[in-house]
Amino acid sequence: MESKATAGNSVRHGRLAAWAWSALLLAILAFLVIYPVMMLLLGTLTDSNPVTDGYAAMHLSLGNFFTVLTNPNVHEILGNSLLACAGGTVFAVLIGLFFAWIVVRTNTPWKGLIAATGMLPLFVPPLVAGVAWSILGSPKTGLINTFLAKAGIDWRINLYSMPGIIFVFGMYYAPYVYMFTASALRNMDPSLEEAAEISGAGPVRTLFTVTFPLILPAIISGMLLSFVVMLGIYGIPAVLGAPANISVLTTYIFALTSWAPPRYSTAAAVAMILMVVTGILVYLQQKVISGRSFTTVAGKAFRPRALNLGPWRFLTLGLAIVYLIIVVVLPTLALLVAAFRKFLFIRDIPSLFDAKQYSLLHFDRLFSNPATLTSIINTMKVGVITAMIGGVLAFAIGYTTVRSNAPGRRVIDMIATVPVAIPGLVIGVAYLWAWIGLPGGFYGTIWILALAFVARFLPDTVKALSTSLMQIHRELEEAAWICGRGTLSTIATIMLPLARPGVIAAMTLLFVLAIRELGSSLFLYSSSTMVMAVQLLGYYEGGNVSVTAAFSLVQMVILGVLIGITNRLSRGATGGVGRAG
Amino acid sequence: MKLTRRTLFAATLAAPAILTRRAMAAPFTPSADLVAAAKKEGKMVYYTASFTEVEQEVINAFNKRFPFVSISMVRASGGQLITRIKTEAAAGKLSADVIDHSDRGLMKGIEDLFQDYAPPNAKDYLESSIVSPKLWPRLTPAWSIAYNSELVKKPPQSWQDLCKPEYGNKQIGTVIAASGGTTWTRIMFERQVLGEDYWARQAATKPQLYPSGAPLADALVRGEAVIAPLIFNAIYPKKRDGAPVEIFFPPEGVPAVPYATGIPKTAANPNAARLFLDWALSEEGQAFTIKDQGNLTALKVPPFLPEGFDPKVAKVWVPKYEDFRDLHDKWIEEWNTVFGYRQ
């Protein structure tokens, strides 16, 4: 009897604790997500600024929203966005999946190098990618065209076009697909593939009928993430689309907020459209994943197997080298030329190699501005804080939604997914409205930036973590429970170590995203908390591509070094995102 | 205060300039008290809608004279800056000591945020350039036409030339009308001075559209666009540094855009702010923005004229404030339709 009562008590306590836990998570999400989104919704329905004009002065109406909905230009811009992102995603999946397979599953030489350099595009701010590719692929002055002309070839490339945007999107967001699929491939039990081959399936058939279907959640997560990230990118379509008069949602929203007077209510209404589109995509993703088991990490020892490609391994190496030249070498060369050349006017090829045209002028300018160094230091601080807080919160949410039966976990999952749909430029204003009134000296510190980044990238981090949590078989946790461990202890001794590659990948991703984030920083930075992305935009908008390029190179080097350090730290972890890049 | 006067900036600025242009700017001599008080504060925060690099040069020039005031800058585009100012002010967290903006209309709307301030040489300023006794034209940029001298063999000579078919086929780059107060001024000038059909004739040459002047200036140097109407201060520093560009002030008129700059009531470093603005508005400060950056000035007697600015040829044009305020939305929409720009 007595033991029954104790058991009853402990169940009751457990339930109470679960409720308290869910309530805590919901409270955090309410502050980080719901409150700012409500401010955004208010913005859609009114023309006034709720902070300055007061809530009393608001005229709530749906009129503004309908005006935007029926505007044919908005339809065209929405179409452009969907086309650019869908095309870019298809391209990114082709590249990312291929590379993941080469690196993890084949005996292609120099895999480590391919893996490391293949991730480099991730460190390049989109604005810089746009600038680098406009230097290379402009129809009039692009370096590639200068070389084509010299070689007597009539054909010219034109990246100031929709295919141009798709091409650059695909190349730069392939690493997202790569990150997800490589770690899934690495954690996959090869006995399944062996079974297929024993049954007589060839390597290609195995790849398409066993391997890829098994890592489908990773592929879909990577696809979805790269699609929504592309939807929110400003720099690439701004540089490549503007000369061809191609607008996408982000460039349109940026224009709306830049005009004097700014049109936030219109921008917010456009953002609502974006939210609906993304909401549908997220729903579809969950529909695809649900009802299937994707457990690939079981409590058995295995080692991912490398396919012997024979002489074909040189073909895969060749393809990898071509990709790296296009994605890393060419744009970096373009940036080097831009950063060291006094003026970017290049008459012909001899002028390109004229040493007199080169100097350290732009680096001098860059560092003579004290704001440059301040922005670098601030960015590092914000990046670290964001990765720490965001990593812990994402793990808590991911574990709760994927692994626990805590009450309200579906609601928690839903709310945590909402920010994915809101472009940074618009949510920046919402954060400003929502948080400026907080007591204490919160506004104007780097903490407000970090919190905004945590909230904004919560879906990305949670998604990245959930995928790796989903892959860990329940039997491992159950084993710990049977051995008498409690929930917290099981998390600490089983889940965390096994999910470590996923956790580190998520935190690294968060760090990189935070460092590059422009939209939500624009309204939250102050003179003492200036960050790199804002400073970079300042240089670009100031019309100095060369100083922009010089700063980009500095930024790429800093990121490269930091990612190198993260890699070292993560060595020895079970999967090793370190090795994935 | 309702603004009704017509800002006949043009005649007033150019005419005395011919007669009384001085050889050198009078040096700025602040009072010892102001210098001591500014020194004690030692820092200030500067909000501006001008370009980062342009303003960093201004700060460097100021610091050459007064190295003890460290200035941190917040730069944002016109619309974003106004949002930040209004929201910060409403929450009691406005951190600016000086606010500097290109749209006098928007600044007039938040006039109440500013304290009484006038520079020691207030009387030297053209009344027509001032929208409020608290706000001063620290900067007065003007429009010009620039071209890439390596690529354009037969350059245009006037605004009307920009409508000629020989400059068609995307050779011309132009900034979209909605980009801000400066471009709005130019397109008003085009329609009111160059003719009702000027936009249509220019649009027929199929110019490339740019979101703002600075990237266009860069594109011109690179040869992406080879001819472009540009704010002189956006392209002049590149020419000064040796870029292959030529710039001229067209004979039909030079649209100018006086800024509005002031010190908020809440400024934490009002003395440093005062010293900075006194200097920037002094003959010495204005001479700097003219000589080194290629701006005009709203001083009745300009200490210098920018390179290539001949007041006998170039007629400065400033819009009527009422038109500037009232025609905006309708005309921008029409411009967008004419140029096929999606909005």
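Residue numbering note: each chain is counted from 1, following its sequence as written. Numbering of ligands from 1 and lettering of chains from A proceed in the order in which they are written. Two thresholds apply to this predicted model, a pLDDT of at least 70 for residue-level local features and 80 or more for giving and counting side-chain atom pairs, whereas whole-chain, interface and lining totals are computed over all residues.

A closer look at the overall build of chain B
We count a stretch as a helix when DSSP gives it H or I for four or more residues in a row; a strand needs E for two or more, and each element gets its number in order from the N terminus. Across its full length, chain B holds 13 helices and eleven strands. The C-alpha atoms of chain B give a radius of gyration of 20 Å, which matches the 20 Å a tight globule of 343 residues would have. Counting only C-alpha atoms and orienting by the principal axes, one finds that chain B spans roughly 60 × 45 × 35 Å. Comment: burial labels come from other C-beta atoms within 10 Å of the residue's own C-beta, placed from the backbone, where a count of 20 or more is buried, 12 or fewer is exposed, and between is partly exposed. The 343 residues of chain B split such that 57% are buried. It is over C-alpha atoms that the radius of gyration is taken, and the globule rule equals 2.2 Å times the number of residues to the power 0.38.

A word on the sheet that holds strand 4 (residues 143–148) of chain B
Residue and element names in this part refer to chain B. Taken together, three strands build an open sheet; the order of strands is 7-4-8 and the sheet is antiparallel. At either end of the open sheet lies a strand with only one pairing partner, and these are strand 7 (227–231) and strand 8 (245–248). With direction set aside, neighbouring strand axes in the sheet form an average angle of 30°. At least two bridges found by DSSP between two strands are what make those strands a pair. Bridge count for strand 4 against strand 8 is four bridges, and the pairing is antiparallel. Across the sheet, the residue bridging to Tyr147 is Glu246, located in strand 8. Lying over the sheet, helix 8 (residues 213–222) contacts strand 4, strand 7 and strand 8, oriented at roughly 140° with respect to strand 7. With C-beta atoms placed from the backbone, a contact is any residue pair whose C-beta atoms sit within 7 Å. Axis definition: a line fitted to C-alpha atoms, limited for helices to the stretch in contact. Angles are taken between N-to-C directions and run from 0 to 180 degrees. Contacts from helix 9 (residues 232–240) reach strand 4, strand 7 and strand 8, with the element oriented near 140° to strand 8.

Here we look at the confidence of the model for chain A
Every residue is assigned a pLDDT by the predictor, reflecting its confidence on a scale from 0 to 100. This prediction gives chain A a mean pLDDT of 79; 87% of its residues lie at or above 70. Between residues 572–581 of chain A, whose pLDDT stays under 50, and residues either more than four places distant or in other chains, the model counts 32 contacts.

A look at the interface of chain B and chain A
Across the contact, 47 residues belong to chain B and 46 residues belong to chain A. Of all the secondary-structure elements, those providing two or more residues to the side of chain B that touches chain A are helix 3 (52–65), strand 2 (70–75), helix 4 (78–90), strand 6 (208–210) and helix 8 of chain B. Broken down by element, the residue count for the side of chain B that touches chain A peaks at nine residues, all from helix 4 of chain B. Each residue receives one of three labels: charged for Asp, Glu, Lys and Arg, nonpolar for Ala, Val, Leu, Ile, Met, Phe, Trp, Tyr, Cys and Pro, and polar for the others, Gly being one of them. Grouping the amino acids of the side of chain B that touches chain A by side-chain chemistry returns 19 nonpolar, 17 polar and eleven charged.

Looking at the domain arrangement of chain B
By a widely used convention, the size of an interface equals the accessible area lost when the partners come together. All names here are of chain B. Where each domain starts and ends follows an automatic or database-derived domain assignment. Domain boundaries assigned for chain B yield domain 1 (22–140 + 259–291) and domain 2 (143–255 + 313–339). Each of domain 1 and domain 2 has a C-alpha centre, and the two are 28 Å apart. On the domain 2 side, the residues contacting the eight residues of domain 1 number eight residues. Taken together, the residues of the side of domain 1 that touches domain 2 sort by class into three nonpolar, four polar and one charged.

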